[in-house]
Amino acid sequence: MGEQESVGSTEASKPHKSVKGSKSARPESRPESRPESRLALVRRARRINRELAEVYPYAHPELDFENSFQLLVATVLSAQTTDLRVNQTTPALFAAYPTPEDMAAADPEALEQLIRPTGFFRAKAKSLLGLSAALRDRFGGEVPGRLEDLVTLPGVGRKTANVVLGNAFGVPGLTVDTHFGRLVRRWKWTAQEDPEKVEAEIAALFPKSEWTMLSHRIIFHGRRVCHARKPACGACPIAPLCPAYGEGETDPDKAKKLLKYEMGGQPGQRLRPPSDYPGRPAAPLGAAE
């Protein structure tokens, strides 16, 4: 599914220019552990955000979409799979069902077969049929631009609603997915596990205008560097700011081999990435990767 480890020894594999060797090394000394004040936490959190903005100035939603309906559908499909697999699946899906009205009238079995590569296809097909019918019947065939309306749609929770609001409507929101939750806990921005509590605590640390891009940066970093099982600590550009440094590989050369996507010289998750994306587009479904 495109998330394999890679060495990345070519010019294309070099990290973005902001990933400097001096930032990747652990500081020689750290102050003794003591409770962090609220002010210190806010300052550290915002500094990490600024550093990530330098490393990932091209951070973006990694789902291919052309309109709010496509983004909504793609986000629902992204549960329990990669954005890459969704992007490889949606071209045929949207060619067959370009509007909510079309999808609401779809034959369930035909819809299931189109989205089968994303997994859990029966449950996802039920959600897509339900949300498409709701858009047709309750919202005039348009995706609503309010969170309180979006979360009434079948298969749509706060995470999906915030993705759609932030990236299709320009309404700031935090996307608390597994990557986001893992990193903010590693950075000790929160100890919460419940996504809504995580969202509330992180929202309080940043201006609302930063929420959407903060989400992209954190998710980018989680997918490329700060992995769940083996973080690439020795190649991490924010290592000096990370209280969890050392949970992963600290040897710089070994850590570089753990970097993924453009950081490791590999294709990204989008078949049609933004023009400023420094990596290569992903391959279509069934193509040699």
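Heads up: the structure comes first, above all this text.
Residues numbered from 1 in each chain as written. Predicted model: local features only at pLDDT ≥ 70, side-chain atom pairs only at ≥ 80, totals over all residues. Heavy atoms only, no water.

S.K.: Looking at this structure, I do not really get the overall build of the protein. What am I missing?
M.R.: Summing up its helical and strand segments, the protein has 13 helices and zero strands in all. Helices and strands in the protein line up, N terminus first, as α-α-α-α-α-α-α-α-α-α-α-α-α. Looking at the protein as a whole, 52% of its 289 residues qualify as buried. (Helix = DSSP H or I, 4+ residues; strand = E, 2+ residues; numbered from the N terminus. Buried < 20%, exposed > 50% of the residue type's maximum accessible area, 1.4 Å probe, protein only.)

S.K.: Any chance you could explain empty space enclosed by the protein here in plain terms?
M.R.: Over the atoms rolls a probe the size of a water molecule, and its path tells where empty space is left. A full pass over the atoms with the stated rule returns one cavity of 30 Å³ or more. Within this model, the largest cavity holds a volume of roughly 90 Å³. Cys-226, Pro-231, Cys-233, Cys-236 and Cys-242 are, among the 14 residues lining the largest cavity, the residues nearest its centre. Of the residues assigned to the lining of the largest cavity, the class counts are 12 nonpolar, one polar and one charged. (1 Å grid on protein atoms, 1.4 Å probe; cavity = no way out; pocket = protein on both sides within 12 Å on 5 of 7 lines; lining within 4 Å. Points joined across faces, edges and corners; volume = space filled by probe spheres on them. Nonpolar A, V, L, I, M, F, W, Y, C, P; charged D, E, K, R; others polar.)

S.K.: So what exactly am I meant to see when it comes to the environment of Pro-243 here?
M.R.: One can find Pro-243 in the loop between helix H12 (211–224) and helix H13 (252–256). Beyond its immediate stretch of four places on either side in the chain, Pro-243 contacts Arg-44, Arg-186, Trp-187 and Lys-188. (Contact = heavy atoms within 4.5 Å.)

S.K.: Teacher, can you tell me more about the pattern of salt bridges here?
M.R.: Any two side chains of opposite charge can pair, given that their charged atoms come close. Enumeration according to the criterion identifies 15 salt bridges in this entry. Salt-bridge contacts for Glu-62 lead to Arg-223; the nearest nitrogen and oxygen are separated by 2.7 Å. You can see Glu-62 sitting in the loop between helix H2 (38–55) and helix H3 (68–77) and its partner Arg-223 sitting in helix H12, a full 161 residues away along the chain. The exposure class assigned to Arg-223 is buried, which follows from its relative accessible area of 11%. Across the salt bridge formed by Arg-185 and Glu-193, the nearest N and O atoms sit 3.7 Å from each other. Residue Arg-185 is classed as partly exposed on the basis of its relative accessible area, which comes to 25%. When its relative accessible area of 56% is taken as the criterion, Glu-193 is described as exposed. (Salt bridge = Lys/Arg side-chain N within 4 Å of Asp/Glu carboxyl O.)

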